[in-house]
Amino acid sequence: MDKVALKLTLFGLLFTCVNLAKQDIDIYSFHINSTVTSRYATTVITSRVANLLNQSQEVHFDVKIPKDAFISQFRMTIEGKTYDGVVKEKEEAQQQYNQAVSGGQSAGLVSAVGRTLEDFKTSVTVAAFSKVTFELTYEELLKRRLGKYELLINAQPMQFIDIDVHIQENTGISFLEVKGALSTKDLTNAVTTIRADKDAWVKFYPTRDQQTKCDECSKNGLNGNLIIMYDVERQKQSGDLKVSNGYFVHYFAPTDIQRIPKNVVFIIDESGSMSGTKIEQTRLAMLEILSDLAEDDHFGLITFSGHIQTWKPELLKATEGNVEEAKMFVKRIKSGGSTDINAAVLKAVDMINNYPQEGSASILILLTDGDPTTGETNPVKIQENVKKAIGEKFPLYSLGFGFDVNFEFLKKLSLENNGVGRRIYEDSDADKQLQGFYEEVAVPLLTDVHLNYQGVTNLTQSTFNQYYNGSEIVVAGQITDNSLETFTTEVIALSKSTKVVYHSSVFTGDLSSDRPEHENFIKRLWAFLTVKQLLEKMVLLKDLEKENAKKEALELSLEYKFVTPLTSMVVTKPQDEEMQVAHKPKEEEKPNRIIFTPLYFAYEHYFSCLARRKPALHKPLVGIERLTQKPLTTSPPPSMSIRVLKSSGNAHPLCYDVPLAQKFRLQQNVLSEFSMNGQLESFGGEGFSQIAIHYKTNHHLLLNTTEMIYNDGQKTVKFSWEQDLTHLERENVSLILRSNEMDVTMGNIRVVILLHKKDGDIFLWPAIWQQPKDVSLMGILGEADISYEEIPGSQTPTLKLKDKEVKTSWVMVKDYRFASAPAVGCWLVPFQAVAQRELSDFIVLQL
């Protein structure tokens, strides 16, 4: 199979608010940080708000999180004191809430389910001229659908935000792209993407002006989505294994197999409740779906209301003639009558059972918008009839149209028959939703899939009825035999009735994460997936089995502090120890319905969102990395250098060495009247001890490791690295000091100076995030992007750089353009090959 792009969608966090007459609240920072480690995403939303009035008032924190995610932490920090949410059993939290209500306290949280998001709202009273920090963390295992993971950021008017995304995939990242309304027009320049072999970073730091200029933006701010798409290298068809701290996870998504022809029957509700837009969109979707059938597929059509109508009594091959005839049948579908779901589904089962096709995969797809109203109307009896008829031979997928449908009934109907239930939302794109679901199951690759492991326990689901192109099977578990030197996996499945086996045996030492900070994520991933699957099983189980599953899911939810349908988060209010309770809403509830459980904190007014913003950061074009070579002697100059990373138009950056103990011109743009110089530390140092930035004739900024001094020609302002977030603006100049970063914008150039602390040493590192591309730039940081060609066949790696062949070597360095200093690979070349000048040309006497 061709490689399919993965699409990661970060679900958007909204900050909803209402304008007031005066600007009495300052949301001086609203930041979303998402780290995706091997498909497991942890997202932290941090909002920092200041009360500008001389009296106390309430401020609100209102975000939306993905429906499939679990909140794992919420905290508020007020005047240096932190108030943490505590996850408790739902019944216990309910009792606390009832006691609070009986004591006269109010309810303030509305939790509701939308298409992909849930609301989380809370508020707190903040004293005069004081600040509050809200921090919400949620976790989710990203599902692969249509070959894509989705990490979607949705922002609406009056929300001014910064976004950082870090994707880490040990098998390698082969493709990265950013799309969506928030990457259009002026906002294109606010999106930064950086790639290394196993890492990718996406930054979205728009200015206030940029946030009003996109396809769906308004003068009040952002309105639209940012979609991050990426693909991973698939090095082994047997899958990607990871082991850490006694737990493992196995990602299985083979691409070396041919598609299996499918037998599919579409069961379409045409009862009276489907009239109007619903039936029109169903017709549109079915016409597209029929066009997508492969010629070796077999298909059937059933429409139902109070009676059953089949297009043909048997399944037919999807030839061009048959497809066109079926389209004419679809165009004649009209709504009217009652709803006999039982008879319709049983008829579809008979059609597949009576016309078996060797080496194929069978699928039923049911679309309905209401409850059964004629024939067999008892949901339990219908479930029993369908389960007996199918006999676990093939899956049934149920699509519930709108909110009048009994979604719990459809969900159980599908889960009992190896399928899933999916809601189709009544919207202008309902036909696209229907087509999208069909595409997920359109290309079967394997059937009867079994994943086997040695020396493990507490496995998540390890048998699957079918595996579809663009999806991914994920299995996690606990390793019981810690003496295993090798970890063995075996996957057995059928491909066109032929048995296929995937074996893999890997040394456990080779599977451990090379990032110590990520050692715990596999255990949390296992817990997350286990809880999810136990909650699904509870829909099917009864009596003692159901109670045991509930008990296990509850224990894991409490241990890992997940807010699930079995738990709630209790938050204590700073004033008078009042409390709030956050519950996870249910999918079957309508979006505008209050799902009880408020998070209560005090007064009742909203606030202006006219927030100060951080200036935009764009692509970090250059950065510097220190390299220590062989041991030094006292007579020659010190053989220590810094290594400068250069972004390029190619997949990998370039790098070159610059000696320490010098003052250098880092960057100069004569047309912009901008220059930046740096003092490298002497022998034994790690980087820059001082950096000076000059703009026009009157703006000067000098930075060292303890303070920063800015002069605009009239006034001098001093900053300390220890002080809180500070924002200073002059004409065409913006300075923002945040945690160990000074963000500098002067004219059309933006630079971030980072303060690094490493092994007792403190040093500065510059990263240029925005600069003109079509002007002459001078300095050791050089021009914005440099392209090169790799020359194949050379004994020594060789690049063609600026029309010259240059010998090179592949080296790994620390990239200090980021606070985390990730390791990246680069092609090491001589400085002269990049700059076409000598290093001595850039030495300066004064900063």
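The structure this text deals with has already been given above.
Residues numbered from 1 in each chain as written. Predicted model: local features only at pLDDT ≥ 70, side-chain atom pairs only at ≥ 80, totals over all residues. Heavy atoms only, no water.

1. Observations concerning the state of the cysteines
Argument step 1. Counted under the stated rule, the structure contains one disulfide.
Argument step 2. Note on cysteine connectivity: C655 is disulfide-linked to C826, with sulfurs 2.2 Å apart. Across the S-S bond linking C655 and C826, the dihedral sits near 75 degrees, which makes this disulfide right-handed. In this pair, C655 is assigned in strand β35 (residues 654-659) and C826 in strand β51 (residues 823-828), connecting sequence segments 171 residues apart.
Argument step 3. Owing to a relative accessible area of 0%, C826 belongs among the buried residues under this scheme. (Disulfide = S-S within 2.5 Å. Helix = DSSP H or I, 4+ residues; strand = E, 2+ residues; numbered from the N terminus. Buried < 20%, exposed > 50% of the residue type's maximum accessible area, 1.4 Å probe, protein only.)

2. Details of the packing of helix α9 (residues 521-540) against helix α10 (residues 543-559)
Relative placement of two packed helices is described by the angle separating their axes and the distance separating the axes.
Argument step 1. Axis separation between α9 and α10 bottoms out at 9 Å; the angle between their running directions is 150 degrees. In terms of axis orientation, α9 runs roughly antiparallel to α10. Along this stretch, α9 crosses α10, giving a crossing that reads as left-handed. Across the interface between the two elements, W526, T530, V531, L534 and M538 from α9 touch K546, A549, K550, E552, A553, L556 and S557 from α10.
Argument step 2. When grouped by side-chain class, the residues that make up the contact of α9 with α10 number seven nonpolar, two polar and three charged. (Axes fitted to C-alpha atoms, helices over the stretch in contact; angles between N-to-C directions. Parallel < 35°, antiparallel > 145°, perpendicular 65-115°, else oblique. Left-handed = near helix turned anticlockwise from the far one by under 90°. Contact = heavy atoms within 4.5 Å. Nonpolar A, V, L, I, M, F, W, Y, C, P; charged D, E, K, R; others polar.)

3. Digging into the pattern of salt bridges
Argument step 1. Counting across every chain of the model gives 25 salt bridges.
Argument step 2. We note a salt bridge from R75 to D84, for which the minimum N-O separation is 2.9 Å.
Argument step 3. Between R738 and D743 there is a salt bridge; the shortest N-O distance is 2.8 Å.
Argument step 4. Among the residues examined, R738 registers a relative accessible area of 11% and is labelled buried.
Argument step 5. What emerges from the salt-bridge pattern is a single network uniting R39, E169, R234, D240, K242 and E472. (Salt bridge = Lys/Arg side-chain N within 4 Å of Asp/Glu carboxyl O.)

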